Amino acid sequence: RFEPLPRSVQVAPAEALVAADVNADGLDDLLVLHNDHSPSPVYGWLNGGLGAVLLGDGAGGFAAVPAKESGLVVPGDAEAAVLARAGPAGEAVVVVSQHGGPVAAFRLRGRDGS
């Protein structure tokens, strides 16, 4: 069965997608990075996304974590992303490359801000 992703993920083209257990709960989650700054004389930049953390429920559904809670905000033209574990607690860190912009790294936070 197919379920639409949350509306916050559909505001701009997805340019990078990472499937991983972001919050270490044993369930698959998704990181979605947006935007396309390719020149288009008709539409211009497709630039409505900030990136999103989607937590999986184990039954095929995903809930978007607000950027304020997740710590992931990528307003530029994302190209690729990778998730890694860092530090003694194995914190989730996502590294994002952006077309024509800097590489950025984010320590992801859970819903409780930790």
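In case you missed it, the structure is sitting above this.
Residues numbered from 1 in each chain as written. Predicted model: local features only at pLDDT ≥ 70, side-chain atom pairs only at ≥ 80, totals over all residues. Heavy atoms only, no water.

(A) Main features of the pattern of salt bridges. Under the defined criterion, the tally for this structure stands at one salt bridge. For Arg107, the salt bridge identified is with Glu91, shortest N-O distance 3.6 Å. Here Arg107, found in strand E7 (residues 104-107), pairs with Glu91, found in strand E6 (residues 91-98); they are 16 residues apart in sequence, far enough to count as distant. According to the relative accessible area criterion, Glu91 is partly exposed, its value standing at 35%. (Salt bridge = Lys/Arg side-chain N within 4 Å of Asp/Glu carboxyl O. Helix = DSSP H or I, 4+ residues; strand = E, 2+ residues; numbered from the N terminus. Buried < 20%, exposed > 50% of the residue type's maximum accessible area, 1.4 Å probe, protein only.)

(B) Spotlight on unusual backbone geometry. The backbone of Ala24 sits at a positive phi, close to 55 degrees, despite the residue not being glycine. Tracing the backbone through its elements, the reader meets Ala24 in the loop between strand E1 (14-20) and strand E2 (29-34). Here Asn35, not a glycine, exhibits a phi torsion of approximately 85 degrees, which is positive. Mapped onto the fold, Asn35 is located in the loop between E2 and strand E3 (52-56).

(C) Seen up close, the sheet that holds strand E5 (residues 78-86). The strand order E5-E6-E7 describes an open sheet built from three strands, whose pairing is antiparallel. Two strands close off the open sheet at either side, each with one partner strand: E5 and E7. Averaged over all neighbouring strand pairs, the angle between strand axes comes to 20 degrees, with direction disregarded. In this structure, E6 lies alongside E7, joined through four bridges in antiparallel fashion. When the bridges of E7 are listed, Val96 appears paired with Ala104. (Pairing = 2+ DSSP bridges. Axes fitted to C-alpha atoms, helices over the stretch in contact; angles between N-to-C directions.)

(D) Highlighting the environment of Asp36. Its location among the elements puts Asp36 in the loop between E2 and E3. For the pair formed by Asp36 and Asn47, sequence separation is 11 residues and the distance between their alpha carbons is 6.3 Å. Apart from the residues lying within four places of it in its own chain, the contact partners of Asp36 are Pro13, Glu15, Trp45, Leu46 and Asp77. At 2.6 Å, the side chain of Asp36 forms a polar contact with the side chain of Ser38. (Contact = heavy atoms within 4.5 Å. Polar contact = N/O pair within 3.5 Å; in protein donor to acceptor, adjacent residues only side chain to side chain.)

(E) Expanded view of the environment of Gly90. For Gly90, the location among the structural elements is in the loop between E5 and E6. Separated by 66 residues in sequence, Gly90 and Ala24 have C-alpha atoms that sit 9.1 Å apart.

(F) Representation of the nonpolar core within the structure. Counting residues in each nonpolar core, the largest one holds 19 residues, and the members touching the most others are Leu31, Val53, Leu72, Leu83, Val94 and Leu108. Elements with a minimum of two residues in this core: E1, E2, E3, E5, E6 and E7. In this structure, Val9, Leu30, Val32 and Ala52 belong to the second largest nonpolar core, which totals five residues. (Core = buried A, V, L, I, M, F, W, Y, C linked by side-chain atoms within 4.5 Å.)

(G) Focus on the sheet that holds strand E4 (residues 62-65). Strand order in this open sheet of four strands is E1-E2-E3-E4, and the pairing throughout is antiparallel. Both outer strands of the open sheet, E1 and E4, are each paired with one neighbouring strand and no more. Within the sheet, the average angular offset between the axes of one strand and its neighbour, ignoring direction, is 25 degrees. Relative to E4, E3 runs antiparallel, the two being bridged by four bridges. If you follow Gly56 over to E4, its bridge partner there is Phe62.

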